[in-house]
Each structure stands twice: as structure tokens, then as C-alpha cells.
Amino acid sequence: MWNIWYSEWRMAIRQRSSYMLLLLWVSVLSLLFLLERNTPALIGYTNMTGTIANLLLYIVPLFMLISGSFAIANEMENGQWRLLCTYPLPTTSYLIGKLAGQFTAQTAVFTLSFGASLAIGLISGSVLSVKWVLALYIFAISLIFFFLVIGLALGAFVATRWQALTLSVGVWFFLIMIWPPALIAVLGLVPYPMIAPLLKIALLSNPAELLRIVLVVQLGGGAVFGQSYDGLVSFLQKGAAWGILGLYMFIYTSFLFILSAWKLERRKVQ
């Protein structure tokens, strides 16, 4: 497992795309901080917060889905997976090593870019709240983790990088780009009493949407979601909510890991 982790870490830091992503984050976030340097203080849920959160929500899942799926699809395509099958390496250790290596590398890239952007913003005169900074950072790191897990699961079901790219873009488009209109269209077909339960089920099935709601609630903007989410907003404002979110992360990750391990074990037999 540690060898897999080290291999993924070394490969990720050698890729040009990692440094291009770092420069992209530094440029975009720094520009946003500079545009808001005349604001008295960036605190709570503001237009600035919503803009940064939307940028993270659009860009991070796509890159993580592609990175995670390519991590396995590349080895399937070049034959390295068959070589790995000859070693006494458990499938779960292989998946954990892949996830740990990718997560370490991607977190390091984002942390460097986010830190550099904050430094530029502070030097330019922006006033930043510690809670505001931590909330956005944890939001981004959580997105990285969840969509790397989903990306690895996608990679277990494809045979080439082209298939991995196509499937990753399709999943990203559904979960991020058309999720709200698709949800509205489906809810319009069901009886009114079923809307609230289906909303909760849909929320748990899409980690991006759940994390977005958690971010908004923690920054004091929970009122924007309306009456349907009053119970959830009240719950997320309690301290016990963090334990439930941790349990949700564990269950979500375990389910996708079991699914991925099952598919990879079948490929070993084939």
C-alpha cells in the first residue's frame, strides 16, 4: 500500500498538469481577492463567498474525477494492472494506496495555491476572517476527497483513458452542471408528500450539493434554502452534525470502495 501511495505521489508531482492547476488557482483566487480588497471584511456568506464556492464547485470535481479515473485506467491500458495482479497485493490496499497518493498530491497543490492567493490578498489590503478562510479550505479539501473516491470507482469500470475521460465528464456534468434542473424535473413528477423525502435522498447521493449546503449554513446563509431545508439547516448548526458528516463520509467511501474492489477482483479472474 505504501509503495502504491509513493508511486502516485511521485507521479502526480511530476505531471505538468499539477503545476498548471496550481497557477490557475493562484491566478483566479488572487484576482478575486484583489477585486474585493475595498470590502471592509470578508466574513460570512457574501457574493464573494458564493463566487469562490461556485468556482471550486465547478473546477475541483472535474479535475478530481479525471485524475482519479486516470489513476486506474492508465494502468489498465498500458498493461501494468496485469503485472500488479501477479503480486500478492490485496485490492483494498491497492485502492487505499491510490486514494492516499492522489489525495496527498492534490491537497498539497491546492494548499500551496490557496496559501499563495491568501498571501497576495492580505498584502493587497484584503481583510479576511479566519472562519471564512477555514470554511472555504475545508470545503475544497472535502470536494477533492469525495470526487477522487468517485473517480477511482469510475476507473475500476473502464478499460482505457478515453473511456475514463468520457465517463468522468458525464458524471461531472450530471452531478454539478444539470443537477438542480434535473432534480426539479423529477420532483415535478411525484406527489407533493414525497418531495421532502426525495430531496433528502438526493442530497445524500450528491456530496457536492451536501458540502455546498454545509458551507452556506456554517457561514450564516442558511435562510436562502427556504422552508424545505429548515430542519436540515437547524441540524447542521449543531455540533453533533460534524460527527454525522464524518459517518456519511465513511459510509459513502466504503460503499464506493466495495464496489470498486468487487469490479477489480472480477478483472483479476478474467
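Reading the values: rules and limits
Residues numbered from 1 in each chain as written. Predicted model: local features only at pLDDT ≥ 70, side-chain atom pairs only at ≥ 80, totals over all residues. Heavy atoms only, no water. Helix = DSSP H or I, 4+ residues; strand = E, 2+ residues; numbered from the N terminus. Buried < 20%, exposed > 50% of the residue type's maximum accessible area, 1.4 Å probe, protein only. Polar contact = N/O pair within 3.5 Å; in protein donor to acceptor, adjacent residues only side chain to side chain. Salt bridge = Lys/Arg side-chain N within 4 Å of Asp/Glu carboxyl O. Axes fitted to C-alpha atoms, helices over the stretch in contact; angles between N-to-C directions. Parallel < 35°, antiparallel > 145°, perpendicular 65-115°, else oblique. Left-handed = near helix turned anticlockwise from the far one by under 90°. Contact = heavy atoms within 4.5 Å. Nonpolar A, V, L, I, M, F, W, Y, C, P; charged D, E, K, R; others polar. Core = buried A, V, L, I, M, F, W, Y, C linked by side-chain atoms within 4.5 Å. Arc of directions from axis to C-beta. Phe/Tyr/Trp six-rings, centres within 6.5 Å; stacked < 30°, edge-to-face > 60°. Patch = residues over 30% accessible without salt bridge, like charges linked within 9 Å, V, L, I, M, F, W, Y side chains within 5 Å. Areas by Shrake-Rupley, 256 points an atom, 1.4 Å probe, with all protein chains shown as cover.

### Thoughts on the side chain of Glu75
- With respect to the helices and strands, Glu75 occurs in helix H3 (residues 47-78).
- By relative accessible area, which is 7% here, Glu75 ends up buried.
- In terms of polar contacts, Glu75 uses its side chain to reach the side chain of Tyr94, at 2.5 Å.
- In terms of polar contacts, Glu75 uses its side chain to reach the side chain of Lys98, at 2.6 Å.

### As for the pattern of salt bridges
- Scanning the model with the defined rule gives three salt bridges in all.
- We note a salt bridge from Arg161 to Glu77, for which the minimum N-O separation is 2.8 Å. Residue Arg161 is located in helix H7 (residues 161-177), and its partner Glu77 is located in helix H3; the two are separated by 84 residues in the primary sequence.
- By relative accessible area, which is 39% here, Arg161 ends up partly exposed.
- Residue classification places Glu77 among the partly exposed residues on the basis of a relative accessible area of 39%.
- One salt bridge in this structure joins Arg212 and Glu209, with 2.5 Å as the shortest N-O distance. A residue pair is termed a helical-turn pair when its members lie 3 or 4 positions apart in one helix, as Arg212 and Glu209 do in helix H10 (residues 207-218) at three residues.
- Relative accessible area serves as the criterion here: at 25%, Arg212 is assigned to the partly exposed category.
- Here Glu209 falls in the buried class, since its relative accessible area comes to 16%.

### Some details on the packing of helix H6 (residues 130-155) against H7
- One way to put it is that H6 packs onto H7 with a least axis distance of 10 Å and a crossing angle of 140°. Considered as vectors, H6 and H7 are oriented oblique to each other. For the crossing formed where H6 meets H7, the hand is right-handed. Between H6, through Phe147, Ile150 and Leu154, and H7, the contact on the second element is made entirely by Leu167, Ser168, Val171, Leu175 and Ile176.
- Grouping the amino acids of the contact of H6 with H7 by side-chain chemistry returns seven nonpolar, one polar and no charged.

### Topic: the nonpolar core
- Within the largest apolar cluster, 71 residues are counted, with the highest numbers of intra-cluster contacts made by Ile52, Leu56, Trp132, Leu143 and Phe147.
- With 18 residues, H6 is the largest single contributor of residues to this core.

### Some points on helix H9 (residues 195-205)
- Of the positions making up H9, those classed as buried are Leu199, Ala202 and Leu203. Projected down its long axis, H9 carries its buried residues within an arc of 100°, all on one side.

### Focus on the packing of aromatic side chains
- For the structure shown, the criterion picks out 10 aromatic pairs.
- Ring centres of Phe174 and Trp179 lie 5.6 Å apart, and the angle between their planes is 80°; on these two criteria the pair is classed as edge-to-face.
- By the ring-pair criterion, three or more aromatic residues cluster together here, those being Phe103, Phe145, Phe146, Tyr248 and Tyr252.

### Details of the environment of Val190
- Within the fold, Val190 resides in the loop between helix H8 (179-187) and H9.
- By relative accessible area, Val190 is classed as partly exposed at 21%.
- Excluding anything up to four places from it in sequence, Val190 contacts Ile195 and Leu198.

### Observations concerning a nonpolar patch on the surface
- A contiguous nonpolar patch, built from Phe157, Phe255, Leu259 and Trp262 and spanning about 400 Å² of accessible area, is present on the exposed surface.
- Among the secondary structure elements, Phe255 is positioned in helix H12 (residues 241-269).
- A relative accessible area of 53% places Phe255 in the exposed class.

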